[in-house]
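Chain by chain, the residues run as shown.
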Amino acid sequence: MSSRGPAAPKKLLTGLIGAPIAHSASPAMHERAAEALGLRSHYQLIEVAGADATGLSMMLEGVRRLGFAGVNVTFPYKEAVVPLLDELAPGAAAMGAVNTVVVKDGRLIGHNTDTTGFARAVTPLLARSGNAVAVIGAGGVGKAIAFALAGLEVSDIRIFDSEPARAEKLAALLARHGGARVTASVEDALDGATGLVNGTPVGMLPSRGMPVPAALLHDKLWVADAVYSPLITPLLAAAQAKGARIMTGRELAIYQAADAFELFTSLAPSTDVMGEAFDAVMAARSAAYQAA
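Residues numbered from 1 in each chain as written. Predicted model: local features only at pLDDT ≥ 70, side-chain atom pairs only at ≥ 80, totals over all residues. Heavy atoms only, no water.

Caption draft 1: Inspection of the pattern of salt bridges at higher detail. Scanning the entire structure with this criterion turns up 14 salt bridges. Taking the shortest distance from any N to any O, the salt bridge between Arg181 and Asp156 comes out at 3.7 Å. Here Arg181, found in strand β9 (residues 181–182), pairs with Asp156, found in strand β8 (residues 156–160); they are 25 residues apart in sequence, far enough to count as distant. With relative accessibility at 39%, the residue Arg181 sits in the partly exposed group. Across the pair Asp219 and Lys220 runs a salt bridge whose closest N-O atoms are separated by 3.3 Å. (Salt bridge = Lys/Arg side-chain N within 4 Å of Asp/Glu carboxyl O. Helix = DSSP H or I, 4+ residues; strand = E, 2+ residues; numbered from the N terminus. Buried < 20%, exposed > 50% of the residue type's maximum accessible area, 1.4 Å probe, protein only.)

Caption draft 2: Looking closely at helix α5 (residues 140–151). When the terminal C-alpha atoms of α5 are compared, their 17 Å separation across 12 residues agrees well with the 16 Å that a helix rising 1.5 Å per residue should span. With 10 of 12 residues buried, α5 lies mostly within the body of the structure. Of the residues making up α5, those classed as buried are Gly140, Gly142, Lys143, Ala144, Ile145, Ala146, Phe147, Ala148, Leu149 and Ala150. If you follow the buried residues of α5, they end up packed against α3 (90–95), α4 (113–126), β7 (132–136), β8, α6 (164–174) and β10 (195–198). Where α5 terminates, the next one or two residues include Glu153, which has phi positive at roughly 65°. (Expected span 1.5 Å × (residues − 1). Contact = heavy atoms within 4.5 Å.)

Next comes the structure, spelled out in structure tokens:
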């Protein structure tokens, strides 16, 4: 990956666009990774709820003009930013979702490191299970997860979304990449599945909901959640109680951040350093939650 992105600066300005993002561990991960590489860094949270295309365009123009090396993009703007960028990397173009925008020669270039990050995180689980995975949610994160699974040659990807049209659109995008099938219900998606991934915000604090009924979980299933606040979501707690193997959102958070950092700087960060920063944020948040 070392050929990607602009030359590494001595000072690094990056950030995150989305809402809500006050809980994000990204500032700590990126700033610690930069410090370990001898860079002066600031990672700015740009939290604007309900932005339309004009508002997003104004934010992106600020990123272009104010010296940012790039920004990450999270819920709910991963798809909305796509038509506002100057260029898309092939993976981002294929799925129509972006979580990383690099500023290069005054141009805004969209990438998706949720895909590469999830692929790195989930590979150990896939190596120990069958090849049928249910993906809940077909939005920005769900798209990235489904494309990652397709890239790992998962042959039976089942997609469920509360908006069927969105699931159908994702399945159509995947048609050239191994394919996927849309299911009419969560029950259908999990019928015979060996893996389950939550690609929705359900379960992210303050929500305590579950995208899948606990009755559908069992000990032959592995369960992954893209949500990391809390680290053990209600879905993962229920899966553990049934004896299922689980993967928290920690690995996805760290690996997608590492891949984005490398795009911003052309330098490979330490995932160990990023992981320590992530863990420190989560420990502090847990302590504050228990004290409240």
